[in-house]
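Below, each chain spelled out in residue letters.
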Amino acid sequence: MKKSLEEHAARFDEKAGEYDESKSEEYHACANLVVEHAAPENDDVVLDLATGTGAIALALAPDAKRVVGRDISEEMMAEAEGKAADEGLENLAFDRGTFREPNYDGQVDLVTSNFALHHLSDEEKREAIAVIADLEPRKFVLGDVMFFGEPDPEAPFYSPEVDDPATVGVLADAFTDAGFSLTAVERVHDQVGVLVAERSPTADDPAAE
Ligand SMILES: C[S@@+](CC[C@H](N)C(=O)[O-])C[C@H]1O[C@@H](n2cnc3c(N)ncnc32)[C@H](O)[C@@H]1O
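These figures come from a predicted structure and were not determined experimentally. (Residues numbered from 1 in each chain as written. Predicted model: local features only at pLDDT ≥ 70, side-chain atom pairs only at ≥ 80, totals over all residues.)

### Overview of the site of the ligand
Alright, step 1. Residues in contact with the ligand amount to 21 residues; listed here are only the nearest, Ala-50, Gly-52, Ser-73, Asn-114 and Ala-116.
Alright, step 2. Secondary-structure elements contributing two or more residues to the shell around the ligand are α1 (5-19) and α3 (55-60).
Alright, step 3. Among the elements that make up the shell around the ligand, the one with the highest residue count is α1 (4 residues). (Near = placed C-beta within 6 Å. Helix = DSSP H or I, 4+ residues; strand = E, 2+ residues; numbered from the N terminus.)

Set out below in structure tokens:
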């Protein structure tokens, strides 16, 4: 991580009020794909990591049993809570938690995360994906800044001083090593994409088939 958790939290606390108005077309395309691929059933519990102002959490809540949002920025989560209240959604809960310490140990059927894992180094991303696998969701839908081609520090989707995006190959290896299979890869832009990772039903339970 190029900045500490506290520094990232402070950056997002400061941006929280204007965050929703500042997003690119590619961000919206990515978020829409995360929501589309997550497609919760009405008895599913969703864990949305780095939930921010709740773009993914709020979109999934009407179809899910419950959505648990975790983030390090209190101000971003305050925006999410305000929007949930405005929309009359009561099946969401937000609290502090990180990718590697989500601060949640209940039922998790789906994990989602959009535009945030790129804050971690590649090794930290691997650790986070392993932690998420241990929660035993059937699916993890990751939207993020990721490199389909060569990294371009001049491109608008990341700031080299704070962000550390991975290649799609590094992410695919991390998912596979954690027991997931990649079932969809969506390229939104050369540096933005969505990966859908599903756990093989036989990964932990050879009798499942
Ligand atoms: C660009 S915003 C994305 C928010 C939301 N997922 C969305 O799609 O709009 C990145 C979010 O990641 C959070 N964040 C950064 N590092 C984190 C970490 N290690 N664990 C949890 N959240 C983190 C920030 O506080 C911020 O709210």
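### A closer look at the environment of Arg-138
Alright, step 1. On the secondary structure map, Arg-138 appears in the loop between α5 (122-134) and β5 (139-147).
Alright, step 2. We classify Arg-138 as partly exposed; it has 14 C-beta atoms within 10 Å.
Alright, step 3. When the C-alpha positions of Arg-138 and Tyr-158 are compared, they lie 30 Å apart, and in sequence the two are 20 residues distant.
Alright, step 4. Beyond its immediate stretch of four places on either side in the chain, Arg-138 contacts Asp-109, Leu-110, Glu-198 and Arg-199. (Buried ≥ 20, exposed ≤ 12 C-beta atoms within 10 Å, placed from the backbone. Contact = placed C-beta atoms within 7 Å.)

### What about the environment of Met-1?
Alright, step 1. Examined against the element boundaries, Met-1 turns out to sit in the segment before α1.
Alright, step 2. Filtering out sequence-adjacent residues up to four positions away, Met-1 remains in contact with His-119, Leu-120, Ser-121 and Glu-124.

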